[in-house]
Structure formats: C-alpha cells, structure tokens
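Take a look at the letters that make up each chain.
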4 protein chains.
Amino acid sequence: MAGSGYGTIFKITTWGESHGKALGVVIDGCPAGLSLEESDIQRYLDRRKPGVSSVTTKRKEDDAVEILSGVLEGRTTGTPISLMVRNTSQISGDYSEIASCYRPGHADYTYDEKYGFRDYRGGGRSSGRETVGRVAAGAVACKILEQLGVQVWAYTRSIGPIEADMSRFDRAVSLSVPTAMPEREADAAAVAYLEKAKRETDSVGGCMECTVKGLPAGIGDPVFEKLDANLAKAVMSIGAVKAVEIGDGHQVAARKGSENNDAFRMEDGAVTKMTNHAGGILGGISDGDTVVVRAYVKPTPSIFLGQRTVNRSGEEIEIHIKGRHDPIIVPRAVVVLECMTALTVLDAMLLNMTARLDRIVDFYGRSHTWKGAAESRNFPQE
Amino acid sequence: MAGSGYGTIFKITTWGESHGKALGVVIDGCPAGLSLEESDIQRYLDRRKPGVSSVTTKRKEDDAVEILSGVLEGRTTGTPISLMVRNTSQISGDYSEIASCYRPGHADYTYDEKYGFRDYRGGGRSSGRETVGRVAAGAVACKILEQLGVQVWAYTRSIGPIEADMSRFDRAVSLSVPTAMPEREADAAAVAYLEKAKRETDSVGGCMECTVKGLPAGIGDPVFEKLDANLAKAVMSIGAVKAVEIGDGHQVAARKGSENNDAFRMEDGAVTKMTNHAGGILGGISDGDTVVVRAYVKPTPSIFLGQRTVNRSGEEIEIHIKGRHDPIIVPRAVVVLECMTALTVLDAMLLNMTARLDRIVDFYGRSHTWKGAAESRNFPQE
Amino acid sequence: MAGSGYGTIFKITTWGESHGKALGVVIDGCPAGLSLEESDIQRYLDRRKPGVSSVTTKRKEDDAVEILSGVLEGRTTGTPISLMVRNTSQISGDYSEIASCYRPGHADYTYDEKYGFRDYRGGGRSSGRETVGRVAAGAVACKILEQLGVQVWAYTRSIGPIEADMSRFDRAVSLSVPTAMPEREADAAAVAYLEKAKRETDSVGGCMECTVKGLPAGIGDPVFEKLDANLAKAVMSIGAVKAVEIGDGHQVAARKGSENNDAFRMEDGAVTKMTNHAGGILGGISDGDTVVVRAYVKPTPSIFLGQRTVNRSGEEIEIHIKGRHDPIIVPRAVVVLECMTALTVLDAMLLNMTARLDRIVDFYGRSHTWKGAAESRNFPQE
Amino acid sequence: MAGSGYGTIFKITTWGESHGKALGVVIDGCPAGLSLEESDIQRYLDRRKPGVSSVTTKRKEDDAVEILSGVLEGRTTGTPISLMVRNTSQISGDYSEIASCYRPGHADYTYDEKYGFRDYRGGGRSSGRETVGRVAAGAVACKILEQLGVQVWAYTRSIGPIEADMSRFDRAVSLSVPTAMPEREADAAAVAYLEKAKRETDSVGGCMECTVKGLPAGIGDPVFEKLDANLAKAVMSIGAVKAVEIGDGHQVAARKGSENNDAFRMEDGAVTKMTNHAGGILGGISDGDTVVVRAYVKPTPSIFLGQRTVNRSGEEIEIHIKGRHDPIIVPRAVVVLECMTALTVLDAMLLNMTARLDRIVDFYGRSHTWKGAAESRNFPQE
C-alpha cells in the first residue's frame, strides 16, 4: 500500500532511502502564484543538517535541493513541484553488519516481516533521512502560511530531565543553539547532559513543542477530520515519536472540569479565551487562539552499549552499534515537527474554503467572469 | 469539507446529530460472507448506554440498531451496510438557553465560526452521541478481527488520581462495573471520587487504554501511514481526548536508549521481545507483540458550577449548565476507543495484503480460476 | 473494496438494494447555509419514477425521501446529510427463478464470482434502483449549482434509430414526455418504436446527452483529474452505459485539424469560441463554453424473448425473463446523467477555489477576522 | 488541487513540464519483490519516442529513465519508486510566439484562466510530454500483470478513414510499423494518408484500442468504482481523447436487447460467453472475457495552416503554428493507452483481494505466523 503521501488538497509524496541515489518530494496541489526559489527550501533543510555541534552526528549531509518542476520564472505554476536532494556521502561499507541482524528499537524486523526483505543500507526508508522530503515540502507550506498571516514555530521543550523555561522564550535562540531549545540556560544544561550520555555511549529522549499563531477560528472539520486528529497523525508519523498532546495534554486527565474549561471573554470586540488549556482547538476546530502541539520522542535507538538481539537466522546475539549517531533525535526533528504542523494546518485552511455556501457564491461572483456570466444567473432551473 | 468518513478499504461514513431524527453509519467495503445480525452490533452500542449507574447520566438512550442494507440471509454481501439508530428521547426544550451562548470547553463557538450557525440542540453533531455510528461500525470490524485471531480490548486506566492496578486485570470486570475499570478496588475508589465530584457539581477527567493482541508482525505502512500515526488520528478524533500515547508514551522522553530499547530474543522458534516499551510498533509497523494505545480525556465540560462566558451578541455572561450530564466521559468512551482501534487495525490488515508480490501471485493463483487461466499464463508479453 | 463513494469535497456514499428495506445516500461535505427541504429532492426522484407511461414499467415505486440529518430549520448545517427512501413494494416472490441462473447482460455472474454469492432479489445492488441515492444527492448538487449560475440539463438524444431534432429543443418538453426527448415529433416516433419492441418482447438502446451552461472557465485539473476524465467516470458508472463522449466525441477521429479546432474570438470584451467541437473543455479544463457530454446506453438486458444461458450448477438452459421491465433504460436514466454531471461539476468548482494563491489570500482576508488578525500579519517569519 | 495522482493502492504521482529540467513519476504502493531494472521501463518509453518515421515529429527526445529509489539489488522494496527522465533537447527559443496567444484546440486559454498564467514553453504541463511519467509507471504495472497472467495490448484501430482489418491482427506488426496499426496493409494506406495531410500542413485524428486478456472474473467494484468507469476516466485523461467505449460502445444504442445480450455457455467446465458485445465487463465487474477499450483521438491541434485566434491582450489575430509537430497523435499515444489500462486493471486487482472474508482469513492463515498465532485464535472475544 501507499504510505508516502500526505494531504488532501496540498498533497505531497515523499520518496528516497538513506543510502539511495537521492531523496525528494512531489507537491501536487500547490496554489499558483507563490514566489518560490531553492533558497526558500534550503533554509529549512539546513535546520535538519547534522554535524553542526558536539551533540549531533559528524556525518556530512550536504543536502542541496533542486527544483525540478512546477516553478516558472520564480513563481509556482499550480502544477506539481518536484524537489530532489542527491545523496552524496553514503558509504555502503559502514552498514554491512546490520544487514543480518535486527537492531533493538529499529524497524529492521518489522520491514523484513512486511516486505520479505529490506534495504539495510542506513535503515533505507525507515531512516531519519526520509524526513528530507517532508521538510522540503513543509518549507513551501510555511511560505504560503506566512502570506495568510499564520506563524508556525517549533522548538525543543525538554531533553532528558532538563526543561526549557518558557518565560524566557526566544525564537532566535532556538534557531541558533545546538539543542533547538528556546533559551540559553536550558540549552547549556542540556548540552552538558548530552555530552555525558555520549561518553557513556548511551542516548537520551526529549520533548518538542510547536505553536501555531494567527490561525483564524473555524479551521478543521468535525468527527474524523478534526484539526487535532490530523495533527496527531502528522506528528506521530515522525519516527521515534511515542506520544502526542494538544494544549495541556495528558495533564487534563487529573483535572476537574472547573479547572480545565477555558472561560470565553470579549477583547476588542472579538471573542477570545481567558486561558488556553485547550491548545487552540475545541471540538476539532480552531478557536482563534494559539494552537499548541507537543511530541514526546524516544532516545536514539542506535547505541554502542552492548544489546541483546537476534539475527535473520534466528540466533540470539549481542551487538554494539557502531557509526556516528546523534545521542538525541529531538534537535534535528524540531524542523520536521514544524513542517508537519504547517502541512496539516495549510491543508485544513484550503479545505475550509468550501465550508459555507455564502462564501463560495461570493468567491465565484468576485473572481470569475466568463461569457454569459450575467446571463447564466438568470437561467431557469426548471 | 467532508469530515465524517474514515478508512481506506473498510470505509465508514457516520451521520446524525444529538437531537435529530436518527444517527447512523454506512460501511462501504465490508468483505462479503461475514455472518452478521443486529444483536452483534447492539451488544457494542449497549456499552455506551447511559443511565446504568450513579456515575452516568440518567438520560434514557434506548439505541436500537437497524440493519438497512448489505446483509442477505444473515451474511454480508460485500455491498454497503447501512446501520441506523432512531432518536427517541430528544426533548428540544432542554437546550433552549445554550442556543445563544458559547459553553466553555464546547464546540459552540468554533462551529458558529466555521459554518455561520450551528445545530444547538444537545450539541448537534459535536455531541458524544455522534459516536453511535463509530461504535456500530466498530462492532462489525471487531467481528471480522475475531476471525483473524485479533483481539481488541479497551478499559479505563485511571479516573482523576485513581489508577487501576493492572496486575489484577480482568476483562469481565471492565465490562460490568460502572467505571469500566478492569479491577474492582480501583472501581470502588473511582466511584466514590466521582460521587464527590457530582455533589460538587463538578466533573473529572481520566485515562483509557486499549490493547491489541494477536496482530501479526508487518501491519502498518512506512512514513505517513504508520500504524501508530493512524491510531493517533483515530483516537484523537474522539471528542475530549487531548493526548495519545503508544507503548510507554510520554515517559520515553526522560529515558536513556539503553533503558528504552526492547531486546529481541527467540521463543519457540519465533522472534519476540523481552520487554514492550514500544507498544508493539516499530517504525510504524506492528512487531507481533501487544499493541498498546492510551488516551487522556478531559473532564466533562458541561458543569453546573458557574462559569464566565460570552453569548452570540458578544456580551459577557455567567452560566450554570443544567441537564443530566455524566461527571466523567471515560467509562462510556471506552467502547469508542475499542471501536476506533479496531477500525484502524482492520483497515491496515486489509491494506497489507498487497505488500508482497509473491503473496499476490499466490492469492490469484489459488482463489481464481477463469476461462483460459492456464493459457493466459503463457501469454507472450512481447 | 469500497465502491459506493463519489467526490472529493462534496462526497457522497450511496447504499441499498432493489429489494432491501431502504435505499439512501449520505452527503458529507455539503456547504452550510443551503436552503433545503424534502420537496427539493423529491422533484428529482419523481423523474426516475416508473409507471408514468406505456413505455416504462408498471411497477409502483413510490419513492418518498426523508431527510434524516444535516438540516436545521430548513438550512444545511455543514454536517452530513442523510437521505433515505423506504422500499415499499418489493415482492420477493417475483424473482425466485433468477436466483439460480445467470441472466445474459446482467451482473449475476460477475457478482457471484466477486463475492461468492449475491443478493438475487431484483438484482440487489446491481439494480437500477441503486440510482435512487445518486439522484437524491444530485438534486442537492443541482440546487447549489443554481446559486452559482450553473445550469445542468440532460435529455434523451436518440432511441434506436430515432434522433431528436435539436433545433426544436425545449426543456419543458423533455420534462413532460415519456421518452424525455426534448421535442415532440421525435418523442412520438420513439414511442411508436418502443411499443413495437415491447410487442416483440424485445428491448432497445439509446443515447442521452447533458449540457452544462454558465460554468466559468478554469474548472477541472490537469492530467488525471481533468474535468472530462471525471465526467467520463461519472457517466460510465451509470449502469448500461457503454460509451461516453465530450463535444463531438467519436466523430473527431475522422476529422482534419483544420476542421476540428475551434477558433477563439472576442465577444463583448471576453474570449469565446466560434464553434464548440471541444464540448467546452480544453486540456481537461472548462473554457467557459457549454460543456456537452453524451452517453450511449445498451438495450434493457431483461427481455422475455428466449435466451440461452447457464445456471449456478453449470448447466446450459434457456430462460424467458418475466416481470415488468422497461423496454428501454434511457428515459429514466436521463435524470441520473444530469445528477452525475452536476455532482462532478460541483466538486470540481469546490476544488478549484484553491488554484490561485492570490484568491486564497483574498478569501481569508475578506471572510475571517480573529483575535490578532492584524497583528498576525506582522509576525516575523524568522 | 492535486490532479497528478492516480490509483488507490498502486498510486502514482507524475510531474514535469515539456521544457522543464526533467519529468518523472513516483510510484507509491508497488508490491515488494518485483524484479525491476531500468531497461524494463525504457522499453515502454521508447515506444512513445518521436523521430522514428516520416509521420512523427523529427524532434529528438532521448528519454533515458533513471531509477532513483525503491529498488535494491534489482528488486522492488515496497517503498516509493522514483523514476526520472531528464529533458535534454528543450530549445526555449522555439516557443516565444505562443506565450502571448491562445492556440486553438490547446489548453493555453484554460490554464491562463485557472492559474492566472501558464508555462508557455512547449505547452508546459499540458504537453504530450506529460505522459512520460504515465508510461514509466505503466511499464511497472505491466510487468506485475504479466506475473498475474494478464496481458494488456494497445494498437491503432483507425487513422482518418482507414481502419485496420482485425482478422490480420499481429502484435509484432503494431510494435514495428510507424502507425502502430496491427497489420501492414492498413499501415501502408495510413502512412500515405498522413503524408498527404502533412503536405497540406494539416493534421488528422484516429482511434486506438486496447485489449486485456487473462483477467479473472470478479475484478472491479459496484456503483462508482466500476472497472469500466475507472477505465473511462483513465483513458479520457489522456490528452486529445474525446470519446471512450467499452466493448461495442456507441453501437449498442441502435441495437435490440436480443442482439446485444451475450449468451452464457459452458466450456471445459467453466462459464463463458458466446459473444463479447459487453467487452468483458458486466455490472462494472470483469466477466473473465477479453476486456476491450477504445479511445477516439482528435487531430493534432498544432497545424501550420492559418487559424484565427486571440492573444492575451484580447486582440483577434491569425496564427501559423511552426515547429515540428506530428500530423497525428495516435501512434505515440497507443503506449499511453496501454499503460493507463494496465494501471487501472492492476489497481482493481489489488483492491479486489479484500472482497471476500474467507479469502482474507485464508491469506492471513497461510502467509503470517507470529508469536502466539495459534494461541490468539483461541482468544475469548468476550
């Protein structure tokens, strides 16, 4: 079955393996007229680049994106945008051992069971490199959202036991420090914690958060296509994420209704809320407040510490996973969270345009003229 | 946009409002040949019935299901199964006040923003009664899964601060006690806690859990259609759920890789794991172990305690929500969790049948004969 | 697999068999705010009613539609609209013979091969009664299209060798005569032709046509989702249709380019065409001219004349199909063609709203206000 | 909206413009284990290559395909297969004039209306070069169908007034002659006819046909997902096709039921038909007989003969379209028809695997073993 497509209107299909020739994405359904060049996308891809600090792998992944279609003279044409990143540094030799065994916490065994065999080179399609396509497409979604006044920002909330102090939140800090935390003190503490874990040849988990500001009320659909349901899918589809929360998340289970309800009030003639426990979503539909999504990420499963496992021949063995692995997944996954959130929110906004008949009539009355438009309004309908 | 459809092969569309004429679901894609009668479905619907204890509302909802199509002489025909439940006890008078104001924690405001107006009678489509269609369809999915050796069981994990002791887990208890907890001591404590909350005209939240046993390894798809991603969407789409977890969930963020990885080992000639922190899913694909999903549910937003809010005219007011409301959502939502999980798992199993070419060739070689079948195998393909 | 759903935004799911309890449709994605009552739908259903003339069956099908959900106080709410028609006159006894044999030209054999057995009562789901759901949903689509200035009209073009003279086209005639032909002379000739066929216990085929006027240019999508491609699917999905054409259809194959191209010209400041061989669609996208779709329909397969066939036991037999069958399918299928065309065109118009970024920005700037809307336009995007 | 995706299980997304950097396709959902190399695909792409005869354009399109992902050591892995063809010979200078005017019979005007502007270089996405992606994907579908014993063959049925004599049908001839006709006499006559049209700087239309042999009965779904409905969409989505037929197509409209019904009979213990007017499909489901699809194609709209049209400034002008254009579209479109048919049939076969519960139970019982498989069969289901 097809598992690499996402979205209904702004529809993406990603492709490529860790050690294949290239990775990429096709965006089908990008509106025409968006100013777009490779640097718009490169900026996002660079945020998932390793090798920039002591706490990420030293592998060189120089992911240069190429726009292959869908853009003419700097503007999107409305037809599919194909984006490709060539793999340049894959060294097949590195991964020979893992071809025959099942690494704990990895998808080796499950891919083998599903497909009968697997691309063992660097994890193939189950590698974190799969997110190259998501981020390239997400960069385009973010650029459109900007024009709609919607801002999507993700950052690291916690690493192991170290949590960021949100009262010191600074977007610029989150974009510059190695941990992607939004304040320098927590970053410093987390770097120290990570270096210790690295020395112990172990790895650690963490939590990342994404906020969406400027989203109008009314986005998302009832029942199965709730905005939070789609965000949950989008975020849980990122490798290594084991929990997703909206607003106050799992904490609501221990609350009273009187504590958890957000009172409505008026502000400058508009409806707003006194608190935001709900994380900007009520009944699956945005309420105009900041949307808050949180993802809990497991520790990097690739560790050098000895682990018990089995091989493809059914023998129990011990392995020590070599190679240059990040001691934590979170900092490089933050931009993936931002992109998956942006893709989800944009698609929901595009779908929402058909929610009300009066707005549809207004849209066509305003933007379309054609031979007999006036006349056609007078057509007898029997 | 259409938000009331779910599934790719086993595709359902639910419809109906709290106080409309009826509620129902159409299942399109149910395999032919399943033995099915109304009592198979009624059994599940009865589990979401109120009025059975001191801790659920006294409203009478006598939800009798009718099979309108898709079943001939007790067997499904492969064509759409239409299931309907007539609303019998709606009293329009009860809800007149809420038509004009926005209840905190409810979808009144967001529906108004999306659609321009809303069905104010009992919450309309945003009511918990919307789940009647999900449960009716889920009952059919569960019956098919049984025949595939897959067991899906949901229950209450915690209510407010009271958590079930899983070492005493008993399915039968969870099906008989008012809290849907799987052991009697926690149930008793939770009932006391709920009665206190009720006296305080407040409400409480809780956590529910679902396990899937007997699921073969290899189910789920890479990237966006991961089994856990689809479970996250399915579960987050249930009203009032604010967090979804797989396996150890949010706890993994504070762990080391050496603690969190599940070691593989051999047992009776088959690959298995020593622990199940992963909750039965690796890389988005089932690993043959028990799948564990958890949902955190907010307290019932309808409380009698005074709350500040605004009305449709933009005036700030105080409301006391009257009516017979459950002090907790969880016990009646447990069967919804079970059904959404079943629908997701079944659809993934059906999709998985096309994962391997050798199995497809085997399927058609085995089950289909036709004029010239033998001959056609020898067709020259240029 | 699910075969009973149609549409992307305006999504319908039909259900029900010829002799089951009821038939119906769920519309998921109807915009909110449409004025709708049962009589709007009944008017279309009545056009597919038999028993109105000497050339249609005398069976009584009193198809009274009931709106079960999605409409409040006469307006659509944006949530699913469930429409149901109870079967009132099914006489199970009539069809006992066909349970055991394969009627030529019918789907008895193919359903048996697909599902292992079939609902033999009146053809089950393969009966023409299946179109009740299509027509009920199509009536709603037509009502929306009216408000967008789009007119969809279908009629009988030919019956056997008798073709309507289009220079005498009169919509009112097509709605009142038994053949649904748009002029009285052809109708009279066709009635005579049909009565002769009936006397011979045979049946005849015919051609029906549908025009769409008032459709703006720009509707439809490139490549696979071309407007004509979707119309072709919609129309070929109607039982007994064996050919679909756009504009001049199969005649273009014998033409020169210089004959077939439609020259563009200006009229009242707007681009238009001097001819319309293309049938209003160029490159899969509407060109503002009248869209013309044609469907060729096979003769009713149920005839009393003796036919050779086989039964389920594999014996060769001869059958004479009894019962009250129309000698032609076309007149009652015309409204189905109209409805399938309307559903296709409406969905394409809804999808088209997201084609251009400037229009999306304009839409949200115009129709949505929310807390901080102004502020959010100034968000720094890094 | 997204218009460049096709298929439900075997899902493809094509991309690329006539004069962009490259064209390609991503196949998401190809079963694992298919032996595949570039030459398998190249063979099909070569059939749509121009410059091979006096009746096709002399443009050099050396379309060399590259497999970028989804294949490991010569076998498909089950993950997306990305196929790319670099554009090598685009000369931007050739098309400067058409940027400002609307060519009759082309999509220039409709793209402008839809998107606000268009890629004018060689027609951009509306060019016949768009089919590169379809053919590359179709080649993979054909290779899978071979292994399932299904043969898909397309060829030219007629060119202008010249029709092939099907009693002399020879697949090898259709693959070698310039017209793709399946017999040499018609080919010779058609070549003479085409050369005359070319001298007159005009173009001609034609008809192409595709047969599917070896397809088991039972493929296709009722109602909207009928096999013929999906074939109609697939074929009508090919540029320049104006009519689609199944079996005897438009001729059935003038027939009697007694002439048109295909009698069933037994042959070697299997059900078969005495004739095949139905073209292998009854009630939307394959009947085990040869499926026959026909497409009528308009003359190449690009002709040098003077034509009246308008330009983007709304001025009426006359144009003579220069450049190297085929005088007929059909011969190079034949392989596209073959590929679209193959994609449709394969997807329907994959979907059909879930039609019967007994076959699903058999599939999982046979192909999956897992820890506790036996035990799970005995799970109490309450």
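As the structure is a computational prediction, the values presented were derived from the model and not from experiment. (Residues numbered from 1 in each chain as written. Chains lettered and ligands numbered in written order. Predicted model: local features only at pLDDT ≥ 70, side-chain atom pairs only at ≥ 80, totals over all residues. Heavy atoms only, no water.)

Engineer: In this structure, what is going on with the overall build of chain A? I would like to understand it.
Structural biologist: Helix and strand counts for chain A stand at ten helices and 18 strands. Its C-alpha atoms give chain A a radius of gyration of 23 Å, near enough to 21 Å, the size a compact globule of 382 residues would have. If one aligns the C-alpha atoms of chain A with their principal axes, the spans along those axes are about 80 × 50 × 40 Å. Burial status across chain A gives 70% buried among its 382 residues. Here chain A carries 46 positive and 50 negative side-chain charges, and the mean point of each set is 2 Å from the other. (Helix = DSSP H or I, 4+ residues; strand = E, 2+ residues; numbered from the N terminus. Rg over C-alpha atoms; globule rule 2.2 N^0.38 Å. Buried < 20%, exposed > 50% of the residue type's maximum accessible area, 1.4 Å probe, protein only. Lys, Arg positive; Asp, Glu negative; His and termini not counted. Charge placed at Lys NZ, Arg CZ, Asp CG, Glu CD.)

Engineer: Can you walk me through the pairing of strand E11 (residues 241-246) of chain D in this structure?
Structural biologist: Each regular strand displays side chains that alternate between the two surfaces of the sheet. The buried count for E11 of chain D comes to six of six residues, which makes it a mostly enclosed element. Here strand E11 (residues 241-246) of chain C runs beside E11 of chain D; their pairing, made up of three bridges, is antiparallel. When the bridges of E11 of chain D are listed, Ala243 of chain C appears paired with Glu245 of chain D. For E11 of chain D and strand E16 (residues 291-297) of chain D, the ladder comprises five bridges, and the chain directions are antiparallel. By the bridge assignment for E16 of chain D, Ala243 of chain D is matched with Tyr296 of chain D. (Pairing = 2+ DSSP bridges.)

Engineer: Sorry if this is basic, but what is going on with helix H5 (residues 184-199) of chain A here?
Structural biologist: Because an α-helix packs 3.6 residues into every turn, residues spaced three or four apart end up facing the same way. Residues and elements named next belong to chain A. Taking 1.5 Å as the rise per residue, H5 with 16 residues should run 22 Å; its terminal C-alpha atoms sit 23 Å apart, in good agreement. Next to the buried residues of H5 lie strand E8 (151-159) and strand E9 (162-163). Residue Glu183 occupies the N-cap position of H5, its side-chain oxygen lying 3.1 Å from the main-chain nitrogen of Glu185. Trailing H5 by a residue or two, Thr201 shows a phi angle of about 50°, which is positive. (Expected span 1.5 Å × (residues − 1). Contact = heavy atoms within 4.5 Å. Polar contact = N/O pair within 3.5 Å; in protein donor to acceptor, adjacent residues only side chain to side chain.)

Engineer: I keep staring at the packing of helix H6 (residues 227-236) of chain C against helix H6 (residues 227-236) of chain D and nothing clicks. Help me out?
Structural biologist: The angle between the axes and the distance between the axes are what describe a pair of packed helices. H6 of chain D packs onto H6 of chain C with a crossing angle of 160° between their chain directions and a minimal axis gap of 7 Å. Classified by the angle their axes make, H6 of chain C and H6 of chain D are roughly antiparallel. Where H6 of chain C crosses over H6 of chain D, the handedness of that crossing is right-handed. Along the contact surface, H6 of chain C presents Asp228, Ala229, Asn230, Ala232, Lys233 and Met236 of chain C, while H6 of chain D presents Asp228, Ala229, Asn230, Ala232, Lys233 and Met236 of chain D. Classifying every residue of the contact of H6 of chain C with H6 of chain D by side-chain character gives six nonpolar, two polar and four charged. (Axes fitted to C-alpha atoms, helices over the stretch in contact; angles between N-to-C directions. Parallel < 35°, antiparallel > 145°, perpendicular 65-115°, else oblique. Left-handed = near helix turned anticlockwise from the far one by under 90°. Nonpolar A, V, L, I, M, F, W, Y, C, P; charged D, E, K, R; others polar.)

Engineer: Help me understand the relation of the copies chain B and chain A in this model?
Structural biologist: Here the second copy of the chain follows from the first by a rotation about an axis and a shift along it. Between chain B and chain A, the superposition needs a rotation of 180° and an axial shift of 0.0 Å, giving an RMSD of 0.0 Å. Accordingly, the operation relating the two chain copies is best matched by a two-fold axis. It is Lys233 of chain B whose C-alpha, among those of chain B, lies nearest the rotation axis, at 2.4 Å. A shared binding surface is used by both copies, with 100% of the interface residues of chain B retained as interface residues in chain A. (Least-squares fit on C-alpha atoms with pLDDT ≥ 70 in both.)

Engineer: In this structure, what is going on with the pairing of strand E12 (residues 264-267) of chain A? I would like to understand it.
Structural biologist: Here E12 of chain A shows a clear split, with Phe264 and Met266 of chain A buried on one side and none of Arg265 and Glu267 of chain A buried on the other. Following E12 of chain A, the chain reverses through two residues before pairing antiparallel with strand E13 (residues 270-273) of chain A; Asp268 of chain A in that reversal takes a positive phi of roughly 55°.

Engineer: Help me understand helix H5 (residues 184-199) of chain C in this model?
Structural biologist: All names here are of chain C. Every buried residue of H5 is listed here: Ala186, Asp187, Ala190, Val191, Leu194 and Ala197. Viewed end-on, H5 has its buried residues packed into an arc of 135°, placing them on one side of the element. Away from its buried face, by an angle of more than 90 degrees, H5 presents the exposed residues Glu185 and Arg199. Elements that come into contact with the buried residues of H5 comprise strand E8 (151-159) and strand E9 (162-163). (Arc of directions from axis to C-beta.)

Engineer: Help me understand the interface of chain C and chain A, please; the structure alone is not making it clear to me.
Structural biologist: How big an interface is tends to be expressed through the accessible area that disappears when the partners come together. Contacts between the two partners involve 56 residues from chain C and, on the opposite side, 56 residues from chain A. Around 5200 Å² of area is buried between chain C and chain A when both sides are counted, 62% of it from carbon and sulfur atoms. The interface formed by chain C and chain A holds zero salt bridges in total. Run the count over chain C and chain A and you get eight residue pairs in polar contact (both at pLDDT 80 or more). Mapped onto the side of chain C that touches chain A, the elements with two or more residues apiece are helix H1 (38-47), helix H3 (131-147), E8, helix H4 (171-176), helix H8 (330-352), helix H9 (357-367) and helix H10 (373-377) of chain C. Broken down by element, the side of chain C that touches chain A gets its largest block of residues, nine residues, from H9 of chain C. (Buried area = accessible area lost by both parts, 1.4 Å probe. Salt bridge = Lys/Arg side-chain N within 4 Å of Asp/Glu carboxyl O.)

Engineer: Even after reading the chapter, I still don't get the interface of chain B and chain A, so can you show me in this structure?
Structural biologist: Of the residues lining the interface, 103 residues belong to chain B; the matching set on chain A comes to 103 residues. Carbon and sulfur atoms make up 61% of the surface buried where chain B meets chain A, a total of about 8500 Å² over both sides. Put simply, chain B and chain A have six salt bridges between them. Remark: the boundary between chain B and chain A carries 44 residue pairs in polar contact (both at pLDDT 80 or more). The biggest single contributor to the side of chain B that touches chain A is helix H2 (residues 108-115) of chain B, with seven residues. Residue composition of the side of chain B that touches chain A, grouped by class: 46 nonpolar, 31 polar and 26 charged.

Engineer: How should I be thinking about the environment of Asn260 of chain B in this particular structure?
Structural biologist: For Asn260 of chain B, the position within the fold is in helix H7 (residues 257-260). Residue class for Asn260 of chain B comes out buried when judged on its relative accessible area of 7%. Separated by 49 residues in the primary sequence, Asn260 of chain B and Thr211 of chain B have C-alpha atoms spaced 20 Å apart. With near-sequence residues (within four places) excluded, Asn260 of chain B lies in contact with Lys298 and Pro299 of chain A together with Val252, Arg255 and His277 of chain B.

Engineer: What is the right way to look at the sheet that holds E11 of chain C in this model?
Structural biologist: Note on sheets: strands pair through backbone hydrogen bonds, and any given pair is parallel or antiparallel. As summarised here, the arrangement of the ten strands in space is E9(C)-E8(C)-E10(C)-E16(C)-E11(C)-E11(D)-E16(D)-E10(D)-E8(D)-E9(D), forming an open sheet in which the pairing is antiparallel. One side of each edge strand has no neighbouring strand; the edge strands of this open sheet are E9 of chain C together with strand E9 (162-163) of chain D.

Engineer: Got a minute to help me understand the relation of the copies chain C and chain A in this structure?
Structural biologist: Rotating chain C by 180° and moving it 0.0 Å along the rotation axis overlays it on chain A with an RMSD of 0.0 Å. An overlap of 100% is found between the interface residues of chain C and their copies at the interface of chain A, pointing to a shared contact surface.

Engineer: Whenever I open this one, the packing of aromatic side chains confuses me. Can you help?
Structural biologist: Aromatic ring pairs are described here by two measures, namely the spacing of the ring centres and the angle between the planes. Taken as a whole and assessed by the stated rule, the structure comprises 32 aromatic pairs over all chains. Here Tyr6 of chain C and Phe224 of chain D contribute two aromatic rings whose centre-to-centre distance is 5.4 Å and whose plane-to-plane angle is 35°, an arrangement assigned as tilted. With Tyr6 of chain C in strand E1 (residues 5-6) and Phe224 of chain D in the loop between strand E10 (206-213) and H6, this residue pair bridges two chains. For Phe224 of chain D, a relative accessible area of 0% corresponds to the buried category. The aromatic ring of Tyr115 of chain B is capped on one face by Lys114 of chain B, whose charged end is 5.9 Å from the ring centroid. (Phe/Tyr/Trp six-rings, centres within 6.5 Å; stacked < 30°, edge-to-face > 60°. Lys NZ or Arg CZ within 6 Å of the ring centre and 35° of its normal.)

Engineer: Where do I start with the side chain of Glu66 of chain C in this structure?
Structural biologist: Assignment of secondary structure puts Glu66 of chain C in strand E4 (residues 65-67). Within the structure, the side chain of Glu66 of chain C is placed 3.3 Å from the side chain of Lys21 of chain B, a separation counted as a polar contact. Those residues in contact with Glu66 of chain C that sit more than four places away from it in its chain are Lys21 and Arg86 of chain B together with Glu38, Ser82, Leu83 and Met84 of chain C.

Engineer: How should unusual backbone geometry be read in this particular structure?
Structural biologist: For Asp268 of chain C, which is not glycine, the phi torsion reads 55° and is therefore positive. Mapped onto the secondary structure, Asp268 of chain C falls in the loop between strand E12 (264-267) and strand E13 (270-273). Here Asp268 of chain C falls in the exposed class, since its relative accessible area comes to 78%. Here Glu73 of chain D, not a glycine, exhibits a phi torsion of approximately 50°, which is positive. Since its relative accessible area comes to 62%, Glu73 of chain D is described here as exposed.

Structural measurements only, silent on function.
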